[in-house]
Amino acid sequence: MALIKKYFPSFFLPLVLIYLNISPSLSYVSFIFGDSLVDAGNNDYLFTVSKANLPPYGIDFRPSGGQPTGRFTNGRTISDLIGQGLGQKSFSPPYLAPNSSENILRSGINYASGSSGILDETGAYFIGRLPLRRQIEYFEATRVQMVNMMGENATMEFLKNAIFSLSIGSNDILNYIQPSIPFFNTEKPPPSVLQDMMISNLTLYLKKLHGLGARKVFVVDVGPLGCIPFVRAMDLTPEGKCSLNTNKLVQGYNTKLRQMIYQLNHDDLGPESIFVYANSYDIVMQVLKNPVRYGFVNYDEPCCGASFPPFLCVNSSSVFCDDRTKYVFWDAYHPTETMNNIIAYKFLNDDSRAIIPMNIRKLYEYEFK
């Protein structure tokens, strides 16, 4: 692909791209930013404690034959499922994987990194990770490659039709609520200050992506962290209950996030762009309040690993459930593929509070005038 521009004049380039079946109108292309909820393997290429490169991670991921791929779940992530739902021919590869640039125009790139956050310092005790700032810097490098291949105007037109997704913020809050580690000890700000710091930084990053060509963007809020096995164990929460203080902190952030997305659409960057607020919090809470309706028999324990420290989900040393499709949580932090599938379906197809102002299918099909 890097040789296309060298051998074809610029006025022939669109025909060449169509011939190679990489026209933006023919396939779903996504650029994915976020944390371990959507990491497709970037952390496998980092020196980090935060990895999912050992069994049984990936046990239900068919393309790898059930082998680990760096995804922090038993199968596909929400981003994988959304891509498949919109006809994506192959999953967006992790940016740090060798030869990932070969897929830029076919499927996009995944920059997400486990343990990362909106704030640079988030996840520092895991050592290696790609904060959102670094992920966007890597996208800038990708954009330079695209411009070198097909020129500035064609790149802008291509990016205008691509989907940009951001699923990040959970680790910023998890780091905040955890007891301070002596080596990393810093004075914690009030919860409202943390929320404002996250929103301020995220706003700047979204505007930067817009300046680089992003026009169709969906931002996933933070789910009910007070209900994940890790937080419930840390707070000694009774069976079937969630940590109210943690969820209150999450809801405060989500309210500010929704207001920020509205501002971007109506005052700052609209109408030549669309920012979508994806409400994972309410979707997950609906499932947790009525798990049987969605086919779950266990909604507060991890399928893999224990419900108490050290929460390990590694090889035969881990506690392992019999039927992964009946569990909401894969490990102490992450949902199963079954739960991911419910969230992805609602993001794709719902016309409700779950996805505002439009679902992702409509966002993908939207044509700017």
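Everything that follows concerns the structure shown earlier in this document.
About the thresholds
- Residues numbered from 1 in each chain as written.
- Predicted model: local features only at pLDDT ≥ 70, side-chain atom pairs only at ≥ 80, totals over all residues.
- Heavy atoms only, no water.
- Helix = DSSP H or I, 4+ residues; strand = E, 2+ residues; numbered from the N terminus.
- Buried < 20%, exposed > 50% of the residue type's maximum accessible area, 1.4 Å probe, protein only.
- Axes fitted to C-alpha atoms, helices over the stretch in contact; angles between N-to-C directions.
- Parallel < 35°, antiparallel > 145°, perpendicular 65-115°, else oblique.
- Left-handed = near helix turned anticlockwise from the far one by under 90°.
- Contact = heavy atoms within 4.5 Å.
- Nonpolar A, V, L, I, M, F, W, Y, C, P; charged D, E, K, R; others polar.
- Core = buried A, V, L, I, M, F, W, Y, C linked by side-chain atoms within 4.5 Å.
- Salt bridge = Lys/Arg side-chain N within 4 Å of Asp/Glu carboxyl O.

Participant: Quick question: what am I supposed to make of the overall build of the protein here?
Facilitator: Helix and strand counts for the protein stand at 12 helices and eight strands. Expressed as a percentage of the 369 residues in the protein, the buried residues total 56%.

Participant: Looking at this structure, I do not really get the packing of helix α10 (residues 280–289) against helix α11 (residues 337–349). What am I missing?
Facilitator: Working note: a packed helix pair is described by the angle between its axes plus the distance between those axes. At a closest axis distance of 10 Å, the pairing of α10 and α11 adopts a crossing angle of 130°. The angle between α10 and α11 places the two elements in the oblique class. In terms of crossing hand, the pair formed by α10 and α11 is right-handed. Residues S280, I283, V284, Q286 and V287 of α10 form the contact with α11, whose own contacting residues are M339, I342, I343, K346 and F347. Taken together, the residues of the contact of α10 with α11 sort by class into seven nonpolar, two polar and one charged.

Participant: Sorry if this is basic, but what is going on with the nonpolar core here?
Facilitator: Note on soluble globular proteins: their nonpolar side chains tend to be buried together. Counting residues in hydrophobic clusters, the biggest one holds 90 residues, and the most contacted among them are F31, F33, I82, L202, L206 and F347. Each residue touching L202, except ones within four places of it in the same chain, is listed here: I118, L132, L166, V219, Y253, L257 and M260.

Participant: Is there a simple way to explain the pattern of salt bridges in this structure?
Facilitator: Any two side chains of opposite charge can pair, on the condition that their charged atoms come close. Under the definition given, this model contains 14 salt bridges. The salt bridge involving D300 is made with R232; its shortest N-O contact spans 3.9 Å. With D300 in strand β6 (residues 298–302) and R232 in helix α8 (residues 229–234), this pair connects stretches of sequence that are 68 residues apart. For D300, a relative accessible area of 10% puts it in the buried group. Between K346 and D350 there is a salt bridge, and its shortest N-O distance comes to 3.9 Å. Pair check on accessibility: K346 and D350 agree, each one buried. Via salt bridges that share partners, D120, R133, R134 and E137 belong to a single interconnected network.

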